[in-house]
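Chain by chain, the residues run as shown.
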Amino acid sequence: MIFFGACAVLLVLTSLFMRNTEPFNNTSVSLALTLNTFNMVSLLTIGVADMVFCNEYKNQTFKNALAYGYSRNAIYLGKFATEVIFAFGIAIAVFGIYLLSVFLLLENPPEARPMVESYFLLLLGSVPVWLGCLALAHLCLFFVRGGTAASFLFAGLLVIPDSVFALLGMKEGFGPFCTAIRENLLWNQIGHMTTPMMMTGQMLTPDQLIHPALVGLGHMVVLLLIGMALFRRKEI
Amino acid sequence: MEEKIAVTRQLCKRYGQFTALAPTDFELKKGQIMGLVGRNGAGKTTLLKLLTGLTDPTGGTMALFSGETPSELSRARKRMGIIVEAPAFYPNLTAAQNLEYYRLQKGIPERSRIDYVLTEAGIESTGKKKYKDFSLGMKQRLGIALALLSDPDILILDEPLNGLDPMGIVEMRSLLQRLNRQRDLTILISSHILSELSAIATNYSFIEQGRMVEQISAEALHEKCRRYVEVKVDQPQKAAALLERELKCDQYEVLPGGVLHIYACLEQPEKIAAALVGGQIALSVIQSKGADLEQYFVDLVGGERRA
């Protein structure tokens, strides 16, 4: 929690710094500078999941809930629901504080409006992707007995497949297949939304949120089902 | 008829080629204090894990409070308080905070229940001390407190006396007996030290190398362990009359083959010998016999008693 609090403070300090820095002291510039952080948030979902998971394996506390008669599915989904609530709370707090500082401390000219609208659409479009990342983090924590190992597994599963399929795609005959896979990897969804904004200044439209939403929610459902199946067979 | 709290039929657990628990028939009746006795690695904890749902059986069936389906077993387990293996809590929380977490998880409305179980378990004064700083005995006591939190109908305790000092053992035994007597609480308690259980158990189950070798009541066990003087004579009926007349002894058994088991004069077998020889009865064997509980267990499972 201290880490997320520090993130919020840093973002406010950014706004304070930019406040007296012409010509960067407007909302459009500040929002554009933080577009890169959206993928970082995907990685931070393991931190949220770990906070809620609470070292259950290390403390051997799962047996207390299981022996009381709670089903493994209920435990698995209950923990995930708690993580989602936590994640929403933290995101609202951090982004809320940041956006408040931006709108209160920086200038908000009419030409910044498209960026502001795109930013809010990006937030909306990122939520299903972050839910998918949270489900992956959740699975890694339940599958691997150790927070550190689970974190590395999570980061590896999230980030590495894109590079692997990018390499494979260079082989003759694999190109279209690998491109299709990469289009539907969790790690690439936010990039699909932010890259045009950063490279060409093209603003987001609502229809561009559909594909990331489907990928994110699809990953979430599949990963939850896989996780429940694995946890059902795990010796406690 | 006594209500059967737990019944297993051919319940077994295998890990690959290794049989942790062979097909086992086991019964636990309401109001019993059942001592589950076995060496380290005998299968005690495996049986307890199966009963508490921490692991799934490889074969066989199990019924808890007459329920056999997964949902019935799940409901039945809410009537159980358990310690399996070591007690497990969150290290950076205090005793009260840990119990508060589990009170909320179990949906227990009364907050006062926490103070009650802490007092019952004898750790009401730990204050702000975190669980990671508890001694082993304190951890065990907190485990007992958690087991009592939901006001269970049955306690399943896996070696709960581990780590307790002698006073703590006495207090714990006293607590369990009181709960059994006052609230008719059924208790299944495992140990590899028979003497720990002998003061409280009403029934025993002996387990060895994954097999249930005997289930016996405390009375029958003590009867089997009863000490006696064994004599072998040529005239058993005359010997019996002589014992009653000369030694005023009526606690004896006449067995086939001229054997008598005499349950009196245990500290003075020479009196018995003198009486029999003086009565012109040929005495071929006289020896003191009878096992203590540990020796009974050792003889049951095979093996040498050490010291």
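Everything numeric here is computed off the predicted structure, so don't read it as measured data. (Residues numbered from 1 in each chain as written. Chains lettered and ligands numbered in written order. Predicted model: local features only at pLDDT ≥ 70, side-chain atom pairs only at ≥ 80, totals over all residues. Heavy atoms only, no water.)

A. Just the sheet that holds strand E2 (residues 18–29) of chain B, in detail. Residue and element names in this part refer to chain B. Taking strand neighbours across the sheet as the criterion, the 3 strands line up as E2-E1-E4 in an open arrangement whose pairing is antiparallel. Only two strands of the sheet have a single neighbouring strand rather than two, namely E2 and strand E4 (59–64). The sheet shows a mean angle of 15° between the axes of neighbouring strands, direction not considered. Relative to E4, strand E1 (residues 4–15) runs antiparallel, the two being bridged by 5 bridges. Within the sheet, the bridge partner assigned to Val7 lies in E4 and is Ala63. (Pairing = 2+ DSSP bridges. Helix = DSSP H or I, 4+ residues; strand = E, 2+ residues; numbered from the N terminus. Axes fitted to C-alpha atoms, helices over the stretch in contact; angles between N-to-C directions.)

B. Structural view of helix H11 (residues 293–301) of chain B. Turning to H11 of chain B, its buried residues number three or more, namely Leu293, Tyr296, Phe297, Val298 and Val301 of chain B. Next to the buried residues of H11 of chain B lie strand E3 (33–37), helix H7 (194–198), strand E8 (203–208), strand E9 (211–217) and helix H8 (218–224) of chain B. (Buried < 20%, exposed > 50% of the residue type's maximum accessible area, 1.4 Å probe, protein only. Contact = heavy atoms within 4.5 Å.)

C. Expanded view of the sheet that holds strand E11 (residues 252–255) of chain B. All names here are of chain B. Across the sheet, 4 strands lie side by side as E11-E12-E10-E13; this open sheet has antiparallel pairing. Each of the sheet's edge strands pairs with one partner strand only, and the pair in question is E11 and strand E13 (283–289). Neighbour to neighbour, the strand axes of the sheet diverge by 15° on average, direction disregarded. One ladder, built from 4 bridges, connects strand E10 (residues 228–233) with strand E12 (residues 259–262); its direction is antiparallel. Note that in E12 the partner of Val229 across the bridge is Ile262.

D. Up close: unusual backbone geometry. A positive phi angle, near 50°, is found at Phe65 of chain B, a position not held by glycine. Secondary-structure assignment places Phe65 of chain B in the loop between E4 and helix H2 (70–77).

E. Spatial organisation of the confidence of the model for chain B. Residue and element names in this part refer to chain B. The share of residues in chain B with pLDDT of 70 or more is 97%, and the mean pLDDT across the chain is 88. Looking over chain B, one finds the lowest element-wise mean pLDDT in H11, namely 76, and the highest in helix H3 (residues 95–106), namely 95. For this predicted complex, the interface confidence reaches an ipTM of 0.79, while the overall pTM sits at 0.82. (pLDDT = per-residue confidence, 0-100.)

F. Looking closely at the packing of helix H7 (residues 113–143) of chain A against helix H8 (residues 147–168) of chain A. Residues and elements named next belong to chain A. Orientation of H7 relative to H8, taken along the N-to-C sense of each, is 140°, at an axis distance of 8 Å. In this view, H7 runs oblique relative to H8, as classed from their interaxial angle. Classified by chirality, the crossing of H8 by H7 is right-handed. Contacts between H7 and H8 involve Cys133, Leu136, Ala137, Cys140, Leu141 and Phe143 from the first element and Gly147, Ala150, Leu153, Phe154, Leu157 and Leu158 from the second. Looking at the contact of H7 with H8 residue by residue, the class counts come to 11 nonpolar, 1 polar and no charged. (Parallel < 35°, antiparallel > 145°, perpendicular 65-115°, else oblique. Left-handed = near helix turned anticlockwise from the far one by under 90°. Nonpolar A, V, L, I, M, F, W, Y, C, P; charged D, E, K, R; others polar.)

G. Highlighting the domain arrangement of chain B. Domain boundaries assigned for chain B yield domain 1 (4–222) and domain 2 (226–290). Domain 1 of chain B and domain 2 of chain B are separated by 46 Å when their C-alpha centres are compared. (Domains from an automatic or database assignment.)

H. Representation of the environment of Glu267 of chain B within the structure. Note on placement: Glu267 of chain B falls in the loop between E12 and helix H10 (269–278). When its relative accessible area of 62% is taken as the criterion, Glu267 of chain B is described as exposed.

I. Structural context of the packing of aromatic side chains. Residues and elements named next belong to chain A. In total, this model carries 23 aromatic pairs over all chains according to the counting rule given. Site record: aromatic cluster; members linked through ring pairs are Phe53, Tyr57, Phe62, Tyr76, Phe142 and Phe231. Sitting over the face of the ring of Phe231, Arg72 holds its NZ or CZ atom 5.5 Å from the ring centroid. (Phe/Tyr/Trp six-rings, centres within 6.5 Å; stacked < 30°, edge-to-face > 60°. Lys NZ or Arg CZ within 6 Å of the ring centre and 35° of its normal.)

J. Summary view of the interface of chain B and chain A. Taken together, the contact pairs 24 residues of chain B with 17 residues of chain A. Counting the surface chain B buries against chain A, the share from its top three residues, Leu54, Lys78 and Tyr90 of chain B, is 30%. On the surface where chain B and chain A come into contact, there are 1 salt bridge. Linking Lys13 of chain B and Glu235 of chain A is a salt bridge whose minimum nitrogen-to-oxygen distance equals 3.4 Å. Where chain B packs against chain A, one counts 11 residue pairs in polar contact (both at pLDDT 80 or more). For the side of chain B that touches chain A, the element with the most residues is H3 of chain B, which contributes 4 residues. Residues of the side of chain B that touches chain A, tallied by class, amount to 12 nonpolar, 5 polar and 7 charged. (Buried area = accessible area lost by both parts, 1.4 Å probe. Salt bridge = Lys/Arg side-chain N within 4 Å of Asp/Glu carboxyl O. Polar contact = N/O pair within 3.5 Å; in protein donor to acceptor, adjacent residues only side chain to side chain.)

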